[in-house]
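Spelled out from the first residue to the last, the chains are:
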Amino acid sequence: MDKEAIDRGSDAQVVDNDKVRKTWPLHRRLAWHFRRYWQLWLMALPALGFTVLFAYVPMYGIQLAFRDFVPAKGLTGGRWVGLQYFRQFFQSPLFASTMINTFKISLGTLVLGFITPIILALLINQIGSQRIKGFAQTITYMPHFISTVVIVAMLNIFLTPNTGLIGRFLGKDNVLDSPGAVAPIYWISEVWQHCGWNAIIYLAALSSVDLSLYEAAKMDGAGRLQLIRYVDLPTIMPTCVVLLIMNMGSVLSVGFEKVWLMQNAMNLPGSEVISTYTFKIGIQSFQFSYGTAIGLFNTVINFIFLVAANWISKRVTDTSIF
């Protein structure tokens, strides 16, 4: 019997075994699975424990959103009030402006933060010299390691009227005091800080392209733009889709630190977002139940965006994360 026939027989036997196992009771299938793959589960156990401890155990406190929390009575000691705090948030005068500011800042960051790393990766990939390519990568991802506090301090220094590197050209008023300027400043600074770092994963995907594809395309007369369009973009498209879906899961989770540090009394109408409003209500005003309700609402909306983006991607591109 030749090797091909043996391989076909082995494949058929594996398929038959799978069909047989599907008829087993659930506990027997689980026992077989863990007996066969216990090493992999043992290796994943620390990560699973970390996730359960810090992501799922704290979810016990979600009930605060539905109770009139009294610290002396514990998490379950307060009176059950149902959706009272959600209605209070929806009827708040700040609800509309807070949601608009959150969507404006987060969606702008999402769009620019998704497109610019792809463009940067495609440009760096076109550099022929490995030394220059490495230098360009290093220069572009270094800002990622600058702390948020330092970034906001740099913004204040650069945008200071009359003396700032940029502020001297923008008039006598401080740009950071303008509510309408908060979102663009946030977008630009986020792209500058994280664009190079986020491009690394696309560069890794581009490194797997078969060089013979470039050679064949060049022989057919393809230029640089055509190489990008017909070779590079199709290669990184699955990675782009997966990252976009994951980013949609945090569309309303605008970075608290940066917005909080940029915020002042003058730009508050344009810089108050859900995360800062939750902090002020829940921590500074000691309205823990109300703050929990706002945070839970934010999480539910993010989850809906994630599921919707994954569903659309699965139908359109056959690429999804679940």
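Predicted, not measured: the structure shown is a model, and the values here were computed from it.

Enquirer: Looking at this structure, I do not really get a nonpolar patch on the surface. What am I missing?
Expert: Taken together, the side chains of Phe-50, Val-52, Leu-53, Phe-54, Tyr-56, Val-57 and Met-59 make up a nonpolar region of the molecular surface, amounting to roughly 750 Å² of accessible area. Checked against the element boundaries, Val-52 lands in helix 2 (residues 26-56).

Enquirer: Got a minute to help me understand the packing of aromatic side chains in this structure?
Expert: How two aromatic rings sit relative to each other is set out by the distance from centre to centre and by the angle between their planes. For the structure on display, the rule yields 22 aromatic pairs. Centroid distance Tyr-141 to Phe-145: 6.3 Å. Interplanar angle 75°. Geometry classified as edge-to-face. According to the relative accessible area criterion, Tyr-141 is partly exposed, its value standing at 24%. Overall, the relative accessible area of 55% leaves Phe-145 in the exposed class. Following the ring pairs from residue to residue traces out a cluster consisting of Phe-89, Phe-90, Phe-95, Tyr-277 and Phe-297. In this arrangement the basic side chain of Lys-258 is found over the ring face of Tyr-186, its NZ or CZ atom lying 5.1 Å from the centre.

Enquirer: When you look at the pattern of salt bridges in this model, what are you seeing that I'm missing?
Expert: Pairing is possible between side chains of opposite charge, provided their charged atoms come close. All chains considered together, the criterion is met by 3 salt bridges. Note that Asp-68 and Arg-79 form a salt bridge whose closest N and O atoms lie 3.7 Å from each other. Here Arg-79 lies in strand 2 (residues 79-80) and Asp-68 lies in strand 1 (residues 67-68), a separation of 11 residues in the sequence. You can call Asp-68 partly exposed: its relative accessible area is 29%.

Enquirer: Help me understand the side chain of Thr-278, please; the structure alone is not making it clear to me.
Expert: As for its placement among the helices and strands, Thr-278 is situated in helix 12 (residues 274-284). Under the relative-accessibility criterion, Thr-278 is labelled buried at 18%. Polar side-chain contacts of Thr-278 include one of 2.7 Å to the backbone oxygen of Ile-274. The contacts of Thr-278, once residues within four sequence positions are left out, are Ile-283, Gly-291, Ile-294 and Gly-295.

Enquirer: Would you mind showing me how to read the side chain of Ser-92 here?
Expert: Tracing the chain through its elements places Ser-92 in the loop between helix 3 (84-90) and helix 4 (95-125). A polar contact is formed between the side chain of Ser-92 and the side chain of Tyr-277, at a distance of 3.5 Å. Discounting residues that sit within four places of it in the chain, Ser-92 has contacts with Tyr-277 and Tyr-290.

Each value, and the rule that gives it
Residues numbered from 1 in each chain as written. Predicted model: local features only at pLDDT ≥ 70, side-chain atom pairs only at ≥ 80, totals over all residues. Heavy atoms only, no water. Patch = residues over 30% accessible without salt bridge, like charges linked within 9 Å, V, L, I, M, F, W, Y side chains within 5 Å. Areas by Shrake-Rupley, 256 points an atom, 1.4 Å probe, with all protein chains shown as cover. Salt bridge = Lys/Arg side-chain N within 4 Å of Asp/Glu carboxyl O. Helix = DSSP H or I, 4+ residues; strand = E, 2+ residues; numbered from the N terminus. Phe/Tyr/Trp six-rings, centres within 6.5 Å; stacked < 30°, edge-to-face > 60°. Buried < 20%, exposed > 50% of the residue type's maximum accessible area, 1.4 Å probe, protein only. Lys NZ or Arg CZ within 6 Å of the ring centre and 35° of its normal. Polar contact = N/O pair within 3.5 Å; in protein donor to acceptor, adjacent residues only side chain to side chain. Contact = heavy atoms within 4.5 Å.

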